[in-house]
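Take a look at the letters that make up each chain.
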Amino acid sequence: MGCTALVLGVTGTASAHAQPRDLGRQTLGASDGWGSYGTGTTGGAAADAAHVHTVTDWAGFKAALADGGSAPKIIKVKGTIDADGPGCASFEVPGYDFDTYLKTYDPAVWGRDKNLDGEPDASPEGLRRASQANQDVYIKANVPANTTIVGIGRDAGFKGASLQIKGVDNVIVRNLSLESPLDCFPQWDPTDTADGNWNSEYDSAVVYGSSHVWMDHDTFTDGDHPDSTLPHYYGRIFEQHDGELDIVKGADYVTASWNVFEDHDKTILIGNSDSASTAAVDRGHLKVTFHHNLFSNLVERAPRVRFGQVDSYNNHFVAGDGYSYSYGIGMESQLVAEHNAFTLPDGAEAGSILKKWKEAPLTADDNYVNGEPTDLIAVHNAQVPTEILQSGAGWTPTLRTKVDPARAVPGIVDHCAGAGQLR
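1. Quick look at the overall build of the protein
Within the protein, the secondary structure is distributed over eight helices and 29 strands. Looking at the 423 residues of the protein, the share that counts as buried comes to 56%. Put simply, 74% of the contacts in the protein that link residues at least 6 apart link residues at least 24 apart. Summing over all exposed atoms, the protein offers an accessible surface of approximately 16400 Å²; the carbon and sulfur share of this is 50%. Of the side-chain charges in the protein, 31 are positive and 56 negative, and the distance between the mean point of each set is 4 Å.

Take a look at the structure:
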């Protein structure tokens, strides 16, 4: 069975294939994760002919997003669109100079006890902020409600773009390769850890206060610029990446299916803070389903969860060098992780798959590690006795389509997940 037929059998949309398909008109199937809850996720499937666009460049893509406001629209992406076209120098404000920045905030000069937030606008940090603001405006694209963005063919996608799904309802993003944006102007924070850190902006996609979102058959990657290629300053990596997919600020009813998340450090964040103000927004929201995704060569956050009821099933996790953990158990999270497969290299322990940040029970049944059934909670507690996890998330997922046997997941997901598989 080919991937198209296999995926359709799992998602429950096989009836759409009696005749040639229009990917832009496809909608999320019934019971296919939290994105199908309530009104479901249809994106721009109802678009009239005037609101169906094929785009090949960044300006055309932004114009298509803006056309018609929240009227249903389908945007078909053809080829790879470069959102970083002008280059970092084009975003620099007059007077900004990176060498001056490095000399000014060298820990030997500035110290490590005070961050740079209070620096005035005319300072090297102020000029960095202004330069970063220019890049922010250029590479971010605001996705309106009732929109489908879909790649056409095997090579469609974006390089250096940040898709902002912010404060809207009903969005579909499918069949796209999303190469992480590079922050041209990371900020130095001497107080972040004992050694300081460079902190960057820009996720490949962020779901911020939005609902009914379907991310399907996308590939999230650092592409030609993995962290291994980035320079070091002050003895720390000049980190130019943020997340691949963040779901924050009361976002709800999201399904992420058949995606590839690869070659990244801090990959997926669900809920971005433990603070009381964040809890007031996030508590009772952040309902997200992950199924049939490939998580490959990641360091951490696949995902890290706060508050949300997150259902993660039939995913394949392939660890590489530098692996830290997969699931981060955070503030009031209610994670259900079932029927998944994990492939760990020699030297990586199964107890590291789960990472406890806060006391929050989870359900983790029928998972396989290197082909063997493994109780993830039990092995974690045995190997990390200082961070005991409790079993029982307190809820049972019902919005699932076909659940594949965990042992079969690598063979299915590795061959069928990611961009270019929908044709």
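There's plenty left to go through after this.
2. Things to note about the pattern of salt bridges
Applying the stated rule across the entire model yields 16 salt bridges. R129 is paired through a salt bridge with D121; the nearest N and O atoms lie 3.4 Å apart. For R129, a relative accessible area of 26% gives the class partly exposed. We classify D121 as exposed; its relative accessible area is 62%. Between D224 and K159 there is a salt bridge; the shortest N-O distance is 3.9 Å. On the criterion of sequence distance, the pair formed by D224 in the loop between β12 (219-221) and β13 (232-233) and K159 in strand β4 (residues 147-159) is long-range, its members being 65 residues apart. Taken together, the shared-partner salt bridges connect D121, E125, R128 and R129 into one network.

3. Let's talk about the state of the cysteines
The tally for this structure, following the rule as stated, stands at one disulfide. In this model C88 forms its disulfide with C184; the gap between the sulfur atoms is 2.0 Å. Taking the sign of the S-S torsion, about -75° here, the bridge from C88 to C184 comes out left-handed. Taken as a pair, C88 in the loop between β2 (73-82) and α3 (98-104) and C184 in the loop between β7 (177-179) and β8 (187-189) lie far apart in primary sequence, 96 residues in all. C184 gets classed as buried once you look at its relative accessible area, which sits at 11%.

4. Focus: the side chain of N340
For N340, the location among the structural elements is in the loop between β25 (334-338) and β26 (341-343). Within the local environment of N340, its side chain forms a polar contact with the backbone nitrogen of N314, the two atoms lying 3.1 Å apart. Once you skip the residues sitting within four places of it in the chain, N340 turns out to touch S312, Y313, N314, N315, F317, Y327, D366, N367, Y368 and A406.

5. Considerations on the confidence of the model for the protein
With 96% of its residues at a pLDDT of at least 70, the protein reaches an overall mean of 95. Residue range residues 10-19 is modelled with pLDDT below 50. Its contacts to residues more than four positions away, or to other chains, number 18 contacts.

6. Regarding the pairing of strand β20 (residues 294-300)
Of all seven residues in β20, five are buried; the element is thus mostly enclosed. Strand direction decides the pairing type here: strand β17 (residues 260-266) and β20, joined by five bridges, are parallel. Of the residues in β20, the one forming a bridge with H264 is L298. In this sheet, strand β23 (residues 316-318) lies alongside β20 in parallel orientation, the contact comprising three bridges. Paired with L294 across the two strands is H316, which belongs to β23.

7. Some points on the sheet that holds strand β27 (residues 354-356)
Spatially, eight strands are ordered β3-β5-β10-β15-β18-β21-β24-β27 in an open sheet, and the strand pairing comes out parallel. One side of each edge strand has no neighbouring strand; the edge strands of this open sheet are β3 (140-142) and β27.

8. A few points about helix α5 (residues 124-139)
With 16 residues, α5 extends 23 Å between its outermost C-alpha atoms, agreeing within 8% with the 22 Å of an ideal straight helix rising 1.5 Å per residue. When α5 is considered as a whole, its buried residues turn out to be P124, E125, G126, L127, R128, S131, Q132, Q135 and I139. Here the buried face of α5 lies against α2 (58-66), α3, β3, β5 (162-166) and β8.

9. Focus on unusual backbone geometry
The residue after A302, namely P303, is reached through a cis peptide bond having omega -5°. Following the sequence through the fold, P303 ends up in the loop between β20 and β21 (304-305). Phi is positive for H292, which is not a glycine, with a value near 55°. Relative to the elements of secondary structure, H292 occurs in the loop between β19 (288-291) and β20. Its relative accessible area of 1% is what places H292 among the buried residues. Unlike most non-glycine residues, H339 shows phi in positive territory, near 60°. Accessibility expressed as a relative area gives 17% for H339, which makes it buried.

10. Notes on helix α8 (residues 409-416)
Turning to α8, its buried residues are V409, I412, V413 and C416. With its buried residues spanning 90° around the axis, α8 presents them on a single face. Positioned one or two residues after α8, G418 has a phi angle of 100°, which is positive.

11. Topic: the pairing of β19
The two faces of β19 match: V288 and F290 on one face and T289 and H291 on the other face are all buried. Summarising the sheet, strand β16 (residues 252-257) and β19 pair through four bridges and their orientation is parallel. Its bridge partner being in β19, A256 is matched across the sheet by F290. The pairing of β19 with strand β22 (residues 309-313) spans four bridges and is classified as parallel. Bridge pairing in β22 places H291 opposite Y313.

12. Remarks on the packing of aromatic side chains
For the structure on display, the rule yields 29 aromatic pairs. Residues Y96 and F185 carry aromatic rings whose centres are separated by 5.3 Å and whose planes lie at 85° to one another, so their mutual orientation is edge-to-face. Within this pair, whereas Y96 is found in the loop between β2 and α3, its partner F185 is found in the loop between β7 and β8, the two being separated by 89 residues in sequence. For F185, a relative accessible area of 2% gives the class buried. Residues F295 and F317 carry aromatic rings whose centres are separated by 4.7 Å and whose planes lie at 10° to one another, so their mutual orientation is stacked. With F295 in strand β20 and F317 in strand β23, this residue pair connects regions lying 22 residues apart in the sequence. Pair check on accessibility: F295 and F317 agree, each one buried. An aromatic cluster is present here, built from F98, Y101, Y105, W110, W188, W198, Y233, Y234 and F238 joined pairwise through their rings.

The rules behind each value
Residues numbered from 1 in each chain as written. Predicted model: local features only at pLDDT ≥ 70, side-chain atom pairs only at ≥ 80, totals over all residues. Heavy atoms only, no water. Helix = DSSP H or I, 4+ residues; strand = E, 2+ residues; numbered from the N terminus. Buried < 20%, exposed > 50% of the residue type's maximum accessible area, 1.4 Å probe, protein only. Contact = heavy atoms within 4.5 Å. Areas by Shrake-Rupley, 256 points an atom, 1.4 Å probe, with all protein chains shown as cover. Lys, Arg positive; Asp, Glu negative; His and termini not counted. Charge placed at Lys NZ, Arg CZ, Asp CG, Glu CD. Salt bridge = Lys/Arg side-chain N within 4 Å of Asp/Glu carboxyl O. Disulfide = S-S within 2.5 Å. Polar contact = N/O pair within 3.5 Å; in protein donor to acceptor, adjacent residues only side chain to side chain. pLDDT = per-residue confidence, 0-100. Pairing = 2+ DSSP bridges. Expected span 1.5 Å × (residues − 1). Arc of directions from axis to C-beta. Phe/Tyr/Trp six-rings, centres within 6.5 Å; stacked < 30°, edge-to-face > 60°.

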